[in-house]
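The residues making up each chain are set out below.
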Amino acid sequence: MTRIFDTDFVATQNDSHRAALDEEYDALGRKLERQGTDIARITAAAEAFTVAIPSWGVGVGGTRFARFAGPSEPRNIMEKLEDCAVINRLVTCTPSVSPHFPWDRVDDLTEVRDTAAAYDLSFASINSNTFQDQPAQALSYKFGSLTHSNPATREQAVAHNIDCIEYGKILGAKSLTVWIADGSNFPGQQHFSNALERYLESMRTIYAALPDDWRIHIEHKMFEPAFYSTVIQDWGTSVLCAMELGDKAFSLVDLGHHAPNVNIEMIVARLIQFRKLAGFHFNDSKYGDDDLDSGSIHPYQQFLVFNELVDAAYRGVEGFDPEYMLDQSHNITDPIESLMSSAMSVQRSYVQALLVDRPALDGYQQENDAIMASNLLKAAFETDVSPILGRARANAGGAIDPIACYRAGAYRDALASKRPALSGTSSGIV
Ligand code: RM4
Ligand code: MN
Ligand code: MN
């Protein structure tokens, strides 16, 4: 990895963009100055912004119907880290990786930790997986895991989550993200309250195993794979469970896990208000949970989410410390390119939200001036902050145009013999 995208290579690639970037950055700086905004302050904030890469995101995903293999796909966690290092090398805002177990399980996790450290990567939230069966697993999750009607199946799922905490301790993570696929396909199949009671009982045991400085993230999802009911279906159930469990439990917002047209930014505001926002799985969707690239369908929604986050930081909300992660499935693109453009899209929304004049917005809200309030947000969203993002990356030693730089490096071609093609016949969402 470092051999291809070394300092000289990236600098040479940047040479062809530098003059235009300087010109555009200076022009934007003058524009922002007229609004009373210091571009250097915004650039420094952009440079400090980070979002974690999901380890599973560097693999090629699929749908329920098919999976089309990509060239030089990573086959294990070490190769996934190699790809994550390329991403961070070029975009510079993705210094951590959120792993998924048992997908990323190896005998010696200290080796994984050391390999990551050698790439200047650290580990973000640990994701457990009780939504599919593993080879040699004693009891099946076909009818649920943490909420299963059979106590022995629940115990097995609880034990896996506690194992995940142990793996996370080795890797230096500080949180566990729990998403369960438990639910039902038919009315009457499952007793709603009994299933949730069983969930809480299981989660209390997992919660008790959390180290003092850890948090547990409860991730809701409206449907899929369960098509009639899902036990943790929305933020209401997730936050109720987080409140039941205690101070270390929070509600995680995966943007794709809501019904179309739901006001997600308002959910975010509520979670902030009640100190229960765990963080995000950023992605986008058009109809249901498609795990599309962040900002590819609803960039204004993503901006409005960041408007709430920046507002919370501006107001100094106590304990406000959300974890940012991407969670996408890439079926037709090169996952490295999708993850790079998504990380930059999320960073763009953050920077745009920093441009909002908060005292002015407050004034318009006091005066009930709907047009001016709405136009103020729109103006920030419509500001092309690309020069700030490019400058932030260049300052940090990254690529001014990451996708062009990545393509120039012909990374996948270089890995072709080391990473033979994975069979493309199996289907699967991830
Ligand atoms: C789920 C959910 C989880 C992720 C899996 C792969 O839909 O978003 O966060 O771990 O997909
Ligand atoms: Mn997710
Ligand atoms: Mn999902």
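Above this note sits the structure.
Asker: If you had to explain the pairing of strand β7 (residues 215-219) to someone new, which residues and values would you point to?
Answerer: The side chains of a regular strand alternate, residue by residue, between the two faces of the sheet. Most of β7 is tucked away: 5 of the 5 residues are buried. A two-sided burial pattern is seen for β7, the buried positions comprising Arg215, His217 and Glu219 on one face and Ile216 and Ile218 on the other. The pairing of strand β5 (residues 175-178) with β7 spans 4 bridges and is parallel. Looking at the pairing, Ser175 lines up with Arg215 of β7. Sheet topology note: the β7/strand β9 (residues 249-254) ladder contains 4 bridges and is parallel. Pairing of Ile216 across the sheet is with Ala249, part of β9.

Asker: An account of the coordination of the manganese ion (ligand 2) is needed here, citing residue identities and associated values.
Answerer: Protein ligation of the manganese ion (ligand 2) involves Glu219 (OE), Asp254 (OD), His281 (ND1) and Asp327 (OD), the donor distances falling in the range 2.1 to 2.2 Å. In this structure, the manganese ion (ligand 2) is coordinated by 6 donor atoms arranged in octahedral fashion, with angles at the metal of 71 to 168°. Sequence spacing of the donor residues for the manganese ion (ligand 2), all on one chain, is E-x34-D-x26-H-x45-D. Between the two metal centres, the manganese ion (ligand 2) and the manganese ion (ligand 3), the spacing is 4.0 Å. Residue Glu219 is found in strand β7, and its partner Asp327 is found in the loop between β11 (323-326) and α10 (335-354); the two are separated by 108 residues along the sequence. In this pair, the class of Glu219 matches that of Asp327, namely buried.

Asker: Tell me what's going on with the site of ligand 1, and back it up with residues and numbers.
Answerer: The local shell around ligand 1 holds 12 residues, among which His100, Glu219, Lys221, His257 and Asp327 are the closest. Note that an oxygen atom of ligand 1 is positioned 2.9 Å from one of the side-chain N or O atoms of Lys221. Within the side chain of His257, an N or O atom sits 3.1 Å from an oxygen atom of ligand 1. With the chains in place, 94% of the 290 Å² that ligand 1 exposes on its own is no longer accessible. Here the shell around ligand 1 is composed, by residue class, of 4 nonpolar, 3 polar and 5 charged.

Asker: Explain the packing of aromatic side chains to me, using residue names and the numbers behind them.
Answerer: Using the criterion set out here, one finds 21 aromatic pairs in the structure. Between the aromatic rings of Trp103 and Phe131, the centroid separation amounts to 5.8 Å while the plane-to-plane angle is 75°, which identifies the pairing as edge-to-face. Within this pair, whereas Trp103 is found in the loop between β2 (96-98) and α4 (109-118), its partner Phe131 is found in the loop between β4 (126-127) and α5 (151-171), the two being separated by 28 residues in sequence. Ring-pair connections join several aromatic residues into one group, and the members of that group are Phe49, Phe280, Phe282, Phe306, Tyr324 and Tyr350. Its guanidinium or amino end placed over the ring of Tyr207, Lys248 lies 5.5 Å from that ring's centre, counting from NZ or CZ.

Asker: Break down the sheet that holds strand β3 (residues 122-123) for me, citing the residues and quoting the values.
Answerer: Taken together, 3 strands build an open sheet; the order of strands is β1-β2-β3 and the sheet is parallel. At either margin of the open sheet sits one strand with a lone partner, and together these are β1 (53-54) and β3.

Asker: So what's going on with the coordination of the manganese ion (ligand 3)? Which residues, and what values?
Answerer: At the metal site, the manganese ion (ligand 3) is ligated by His257 (NE2) and Asp289 (OD), and these contacts range over 2.2 to 2.8 Å. For His257, a relative accessible area of 4% puts it in the buried group.

Asker: Go over the packing of α10 against helix α14 (residues 402-409), please, and point to the residues and values.
Answerer: Axes are the key here: two packed helices are described by the angle between their axes and the distance separating the axes. The N-to-C vectors of α10 and α14 enclose an angle of 160°; their axes lie 10 Å apart at closest approach. Viewed along their axes, α10 and α14 adopt a mutual orientation that is roughly antiparallel. Here the hand of the crossing between α10 and α14 comes out right-handed. Judged by residue contacts, Ile336, Glu337, Met340, Ser341 and Met344 of α10 engage Pro402, Ile403, Tyr406 and Arg407 from α14.

Asker: Give me the pattern of salt bridges: which residues, what numbers.
Answerer: Summed over all chains, the structure comprises 22 salt bridges. The partner of Arg67 in a salt bridge is Glu73, and the shortest N-O contact between them spans 3.0 Å. Here Glu244 makes a salt bridge to Arg204, at a shortest N to O gap of 3.4 Å. One end of the pair, Glu244, is in helix α7 (residues 235-245); the other, Arg204, is in helix α6 (residues 192-208), and 40 residues separate them in sequence. With relative accessibility at 40%, the residue Arg204 sits in the partly exposed group. Residues participating in the shared-partner salt-bridge network are Arg75, Glu79, Glu82, Asp83, Asp334, Arg412, Lys418 and Arg419.

Thresholds, definitions, all that
Residues numbered from 1 in each chain as written. Chains lettered and ligands numbered in written order. Predicted model: local features only at pLDDT ≥ 70, side-chain atom pairs only at ≥ 80, totals over all residues. Heavy atoms only, no water. Buried < 20%, exposed > 50% of the residue type's maximum accessible area, 1.4 Å probe, protein only. Helix = DSSP H or I, 4+ residues; strand = E, 2+ residues; numbered from the N terminus. Pairing = 2+ DSSP bridges. Donors = N, O, S within 2.8 Å, 3.2 Å for Na, K, Ca; no water. Tetrahedral: all angles 85-135°; square planar, octahedral: opposite > 155°, others 65-115°. Near = heavy atom within 4 Å. Polar contact = N/O pair within 3.5 Å; in protein donor to acceptor, adjacent residues only side chain to side chain. Areas by Shrake-Rupley, 256 points an atom, 1.4 Å probe, with all protein chains shown as cover. Nonpolar A, V, L, I, M, F, W, Y, C, P; charged D, E, K, R; others polar. Phe/Tyr/Trp six-rings, centres within 6.5 Å; stacked < 30°, edge-to-face > 60°. Lys NZ or Arg CZ within 6 Å of the ring centre and 35° of its normal. Axes fitted to C-alpha atoms, helices over the stretch in contact; angles between N-to-C directions. Parallel < 35°, antiparallel > 145°, perpendicular 65-115°, else oblique. Left-handed = near helix turned anticlockwise from the far one by under 90°. Contact = heavy atoms within 4.5 Å. Salt bridge = Lys/Arg side-chain N within 4 Å of Asp/Glu carboxyl O.

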